[in-house]
Structures are given as C-alpha cells and as structure tokens.
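Coordinate inspection notes
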Amino acid sequence: MRVSGAGSGTFSAMSTAIPVHVGLFTETDPPDLLGGRCTSCGNHNFPRHEICPYCASDATEAATLSAVGRLWAWTAVTHPPPGYRGDIPYGFGVVELPEGLRVVTRLTEPDPSRLRPGQPMHLEVVPLHVDDAGQSVITYAFAPDEPVTP
Ligand SMILES: [Zn+2]
C-alpha cells in the first residue's frame, strides 16, 4: 500500500489510515513535521515539549519544522522491538534539521550501505502496519533525496 497525496492537501486513504501518534506530523502532501519552539531561548524541539528541554521555560509554542534535513546517524533494525508489528528490517536514524535539532526517525532505506553521512533527506508519511481493526497505521520517516549505490 502506498499513502500518496490526493492533490487537495489530504490523503485519499485517510478514511482507513490513522497516524501512529497524533501531533507528530501532518497528512498533507508533502507532509510537515510538527514540533515546538521555545520563545525564551529560541530552540526547537521534537516531539513538541510543553517545557523547553534546553532552558526549562514553559514559554513554548507549536512550530512546523523543516521537512528536509541531513542524515547524521543511522542503522538497520533487524529484530522487531517489543510490540512492533511492522516489517523488518527497517532503517532508523537521526536527521539534523536546518533549525539545528536532530530528530530520531524511521528511515525509508533499510540498507545501511545505501546511506551516507550528511546526505540530503526529506520527510515522507509511510505505512507502518495494519491494526486489529484493519486500519492502516501510518508514521513519519525520512527518505534519501537521491538513492546511493553501495
Ligand atoms: Zn528554551
């Protein structure tokens, strides 16, 4: 199954696709990453914190984060974590956004040899698994802009 844009800013599969967690990303095309920004120190955070993790201020606001970044670290998950029902292996890593924060994220590329440090990445919304009610559960992931040949 592919979750793709319907061109109107909503997904045609929305009636059967539910986000793994509300408030992390939008289901627009292209999707946005939803985080927070501290109005005291100016740092961004993801997922959104009500209390700034940098200066402990509660003067935080919702912020739409960049949907692009650079790959900072990565690995492949080859054994399912407890409770995980999706496919393995899958890529997992850290992407640094232009705002300066590093986001821990699923990666669309499961083969570590096809990824490179600093490579440009962009946000996508991808299927995660199908729940007991038969609904497709979707999550955010970062994908390489250009595939790398090992
Ligand atoms: Zn702060």
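Values in this document were obtained by computation on a predicted structure and should not be read as measured data. Per-chain numbering applies: the sequence of each chain, read as written, is numbered from 1 onward. Where totals are concerned, whole chains, interfaces and linings use all residues; where local detail is concerned, this predicted model gives features only for residues with pLDDT of at least 70, and gives and counts side-chain atom pairs only at 80 or more.

Bringing the overall build of the protein into the picture now. Think of it this way: any DSSP run of H or I at least four residues long counts as a helix, any run of E at least two long counts as a strand, and we number them from the N terminus. Check the secondary structure of the protein and you find 0 helices and 9 strands. Per-residue burial for the protein yields a buried fraction of 23% across its 150 residues. We call a residue exposed when 12 or fewer other C-beta atoms sit within 10 Å of its C-beta, buried when the count reaches 20 or more, and partly exposed for counts in between; the C-beta positions come from the backbone.

Moving on, we come to the sheet that holds strand E4 (residues 60-65). For sheets, the rule is that strands pair by backbone hydrogen bonds, running either parallel or antiparallel. Here 3 strands make up an open sheet; going across it, the order is E3-E2-E4 and the pairing antiparallel. Here the strands that pair on one side only, and so sit at the sheet edges, are strand E3 (44-45) and E4. In the sheet, strand E2 (residues 33-38) pairs with E4 via 6 bridges, with the strands oriented antiparallel. Of the residues in E4, the one forming a bridge with Leu 34 is Thr 64. Should DSSP find at least two bridges between two strands, the strands are regarded as paired.

For the bond from Asp 29 to Pro 30, the omega torsion is 0°, close enough to zero to count as cis. If you trace the backbone, Pro 30 turns up in the loop between strand E1 (17-19) and E2. Residue Pro 89 is bonded to the preceding Ile 88 through a cis peptide linkage, with omega at -5°. Non-glycine residue Ala 56 carries a positive phi angle of around 65°.

Right, let's talk about the nonpolar core for a bit. In this structure, Leu 33, Leu 71, Val 95, Tyr 140 and Phe 142 are the most contacted members of the largest nonpolar core, which totals 19 residues. The set of elements that each furnish at least two residues to this core consists of strand E5 (68-77), strand E7 (102-107), strand E8 (120-130) and strand E9 (136-144). Leu 71 has contacts with Gly 93, Val 95, Leu 115, Arg 116, Pro 117, Gly 118, Gln 119 and Met 121, leaving out every residue within four places of it along the chain. We define the nonpolar core as any set of buried residues of the types Ala, Val, Leu, Ile, Met, Phe, Trp, Tyr and Cys, connected via C-beta atoms lying within 7 Å of each other. Residue pairs are scored as contacts if the distance between their C-beta atoms, which are placed from the backbone, is within 7 Å.

A few words on the environment of Thr 26. With respect to the element layout, Thr 26 can be found in the loop between E1 and E2. Each C-alpha atom of the pair Thr 26 and Thr 139 lies 10.0 Å from the other, and the pair is 113 residues apart in sequence. Among residues more than four places away in sequence, those in contact with Thr 26 are Pro 31, Asp 32 and Leu 34.

Before going further, it helps to spend a moment on the pairing of E2. Among the 6 residues of E2, 5 are classified as buried, and the element is accordingly described as predominantly covered. Summarising the sheet, E2 and E3 pair through 2 bridges and their orientation is antiparallel. Its bridge partner being in E3, Arg 37 is matched across the sheet by His 44. Two successive antiparallel strands, E2 and E3, enclose a turn made up of 5 residues, where Gly 42 displays a positive phi of approximately 85°.

In this fold, Asp 87 is placed in the loop between E5 and strand E6 (90-96). Residue classification places Asp 87 among the exposed residues on the basis of 11 C-beta atoms within 10 Å. Along the primary structure Asp 87 and Val 77 are separated by 10 residues, whereas in three dimensions their C-alpha atoms are 9.9 Å apart.

Just geometry here; none of it tells us what the structure is for.
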